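# Topology and contacts: notes
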Amino acid sequence: MTAPILITGAAQRIGLALVQHFVATGQPVVITYRTRHNVIDELEQSGVHCISVDFDNSQSVEQLQETLRARYSALRAIIHNASSWDCEANNPDFDSLFDNMMRIHAKVPYKLNLALADLLLASPVPADIIHLTDYVVETGSPKHIAYAASKAALDNLTRSFATKFAPKIKVNSIAPSLIIFNQDDPPEYREKTLKKSLMGIEPGCKEIINSVELLLNSDYITGRTIPVDGGRHLK
Ligand SMILES: NC(=O)C1=CN([C@@H]2O[C@H](COP(=O)(O)OP(=O)(O)OC[C@H]3O[C@@H](n4cnc5c(N)ncnc54)[C@H](OP(=O)(O)O)[C@@H]3O)[C@@H](O)[C@H]2O)C=CC1
Ligand SMILES: Nc1nc2c(c(=O)[nH]1)N=C([C@H](O)[C@@H](O)CO)CN2
């Protein structure tokens, strides 16, 4: 029996696309969600174990660990997807913005990796940790300063955990730039954003699915980042 893959924040968008891919391919998956989006009912009916978790709660990691241990003796992988793309313009309280960004993008992955390492080591096949970071780890982001810094912290965790957990667990990042717009993104923002990359497209979630599958099927890639950014670094 294949151990499940844990995906955090997977009730919408990229995380949901990953869940639906794994359901279609018969890979067991367990997810966390914060808002109970309508799709959760459907996921539960298709056998996905959906766990309600708000990582802003101080005991959320400990409670999640307890829930997972009660049901699983191993995990095939952890995909740290949960994220808040928040910015200074919307948060005059920079203190809490910085803490919130660091918590969801760095502290939670850090604590979960350490807490669940034994379940990954118990996987009958070599295990994986995948961090969803961001292209802005390379450049910074003047409009998302705390967000970019927290994703850079997550990027650094990739190298530390890759060294700590080798060879039984591979640890890698995927660093996307635009993958999918948000529904309320206005036309002028969309036009400006599409021009930031050489490819000039909104590629969709398949690019992340392909990158995740590349990492899961590799016996050799670890401590590295897959940039999924349409050549934005060359514009
Ligand atoms: N979309 C894109 O183009 C890009 C995405 N990325 C990265 O890829 C990953 C997936 O992106 P995307 O699908 O757009 O992500 P979303 O912005 O849709 O966020 C994913 C989920 O994270 C959950 N979440 C946020 N904060 C918390 C919290 N405190 N506790 C629990 N869950 C929380 C949200 O829950 P809720 O539904 O309750 O809000 C949401 O469902 C992210 O790490 C993102 O930073 C990087 C670059 C580009
Ligand atoms: N959690 C999220 N992180 C990011 C998102 C998002 O929607 N949710 N979107 C982006 C942008 O697409 C950016 O890459 C291009 O403007 C970045 N991170």
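This text follows the structure it describes.
Residues numbered from 1 in each chain as written. Chains lettered and ligands numbered in written order. Predicted model: local features only at pLDDT ≥ 70, side-chain atom pairs only at ≥ 80, totals over all residues. Heavy atoms only, no water.

## Quick look at the packing of aromatic side chains
Counted by the stated rule, this structure contains three aromatic pairs. Here F161 and F165 contribute two aromatic rings whose centre-to-centre distance is 5.3 Å and whose plane-to-plane angle is 20°, an arrangement assigned as stacked. Highlighted residues: F161 and F165, both in helix 6 (residues 145-165), separated by four residues, approximately one helical turn. Residue F161 is classed as buried on the basis of its relative accessible area of 4%. Summarising the aromatic geometry, the rings of F181 and Y189 are spaced 6.0 Å apart at their centres and angled 75° between planes, so their arrangement reads as edge-to-face. Using a relative accessible area of 22% as the deciding quantity, one classes Y189 as partly exposed. (Phe/Tyr/Trp six-rings, centres within 6.5 Å; stacked < 30°, edge-to-face > 60°. Helix = DSSP H or I, 4+ residues; strand = E, 2+ residues; numbered from the N terminus. Buried < 20%, exposed > 50% of the residue type's maximum accessible area, 1.4 Å probe, protein only.)

## Overview of the layout of surface pockets
Taken as a whole, the second largest pocket encloses approximately 190 Å³ of empty space. Lining the second largest pocket are 15 residues, and of these L178, I201, P203, D229 and G230 lie nearest its centre. Mapped onto the lining of the second largest pocket, the elements with two or more residues apiece are helix 7 (187-194) and helix 8 (206-216). For the lining of the second largest pocket, the class distribution of residues is six nonpolar, four polar and five charged. (1 Å grid on protein atoms, 1.4 Å probe; cavity = no way out; pocket = protein on both sides within 12 Å on 5 of 7 lines; lining within 4 Å. Points joined across faces, edges and corners; volume = space filled by probe spheres on them. Nonpolar A, V, L, I, M, F, W, Y, C, P; charged D, E, K, R; others polar.)

## Digging into the sheet that holds strand 1 (residues 5-7)
Spatially, the seven strands line up as an open sheet ordered 3-2-1-4-5-6-7, and their pairing is parallel. Both edges of this open sheet fall to strand 3 (49-52) and strand 7 (225-228), since each of them pairs with a single strand only. Averaged over all adjacent pairs, the angle separating strand axes in this sheet is 15°, with direction ignored. In terms of strand pairing, strand 5 (residues 127-132) meets strand 6 (residues 169-176) through six bridges, oriented parallel. Looking at the pairing, I130 lines up with N172 of strand 6. Here helix 1 (residues 13-25) sits on the sheet and contacts strand 1, strand 2 (29-33) and strand 4 (77-80); the angle it forms with strand 1, its principal contact strand, is near 160°. Sheet strands touched by helix 8: strand 1, strand 4, strand 5, strand 6 and strand 7. Its angle to strand 6, the strand with the most contacts, is close to 160°. (Pairing = 2+ DSSP bridges. Axes fitted to C-alpha atoms, helices over the stretch in contact; angles between N-to-C directions. Contact = heavy atoms within 4.5 Å.)

## Some details on the nonpolar core
Nonpolar side chains in soluble globular proteins generally cluster together in the buried interior. With 33 residues, the main nonpolar core has I7 and I31 as its most contacted residues. Elements represented by at least two residues in this core include exactly strand 1, helix 1, strand 2, helix 2 (39-45), strand 4, strand 5, helix 8 and strand 7. Ranked by the residues each element gives to this core, the list is headed by helix 1, at six residues. Leave out the neighbours within four places in its chain, and I31 touches I7, A10, V19, I40, L43, V48, H49, C50 and I51. Counting 29 residues, the second-largest nonpolar core is a separate cluster that includes L64, L75, L112 and L119. (Core = buried A, V, L, I, M, F, W, Y, C linked by side-chain atoms within 4.5 Å.)

## So, the site of ligand 2
In the neighbourhood of ligand 2, the contacting residues comprise R13, S83, W85, D134, Y147, S177, L178, N182, Y189 and T193. Within the contact set of ligand 2, an oxygen atom lies 2.9 Å away from a side-chain nitrogen or oxygen of N182. Protein contacts shield 81% of the accessible area of ligand 2, which totals 400 Å² for the unbound molecule. Partitioning the shell around ligand 2 into residue classes produces four nonpolar, four polar and two charged. (Near = heavy atom within 4 Å. Polar contact = N/O pair within 3.5 Å; in protein donor to acceptor, adjacent residues only side chain to side chain. Areas by Shrake-Rupley, 256 points an atom, 1.4 Å probe, with all protein chains shown as cover.)

## With respect to unusual backbone geometry
Between A166 and the following residue, P167, the backbone shows a cis peptide bond with an omega angle of 0°. Relative to the helices and strands, P167 is located in the loop between helix 6 and strand 6. A positive phi angle, near 55°, is found at R13, a position not held by glycine. With respect to the element layout, R13 can be found in helix 1.

## Examining the site of ligand 1
Near ligand 1 lie 25 residues; those nearest to it are Q12, R34, T35, H37 and I179. Residue I14 places a main-chain N or O atom 3.0 Å away from an oxygen atom belonging to ligand 1. I179 places a polar main-chain atom, nitrogen or oxygen, 2.8 Å from an oxygen atom of ligand 1. In the complex, the protein chains occlude 90% of the 890 Å² of accessible area that ligand 1 would expose alone. Counting only elements with at least two residues in the shell around ligand 1, the list comes to helix 1 and helix 6. Residue composition of the shell around ligand 1, by class: 11 nonpolar, eight polar and six charged.

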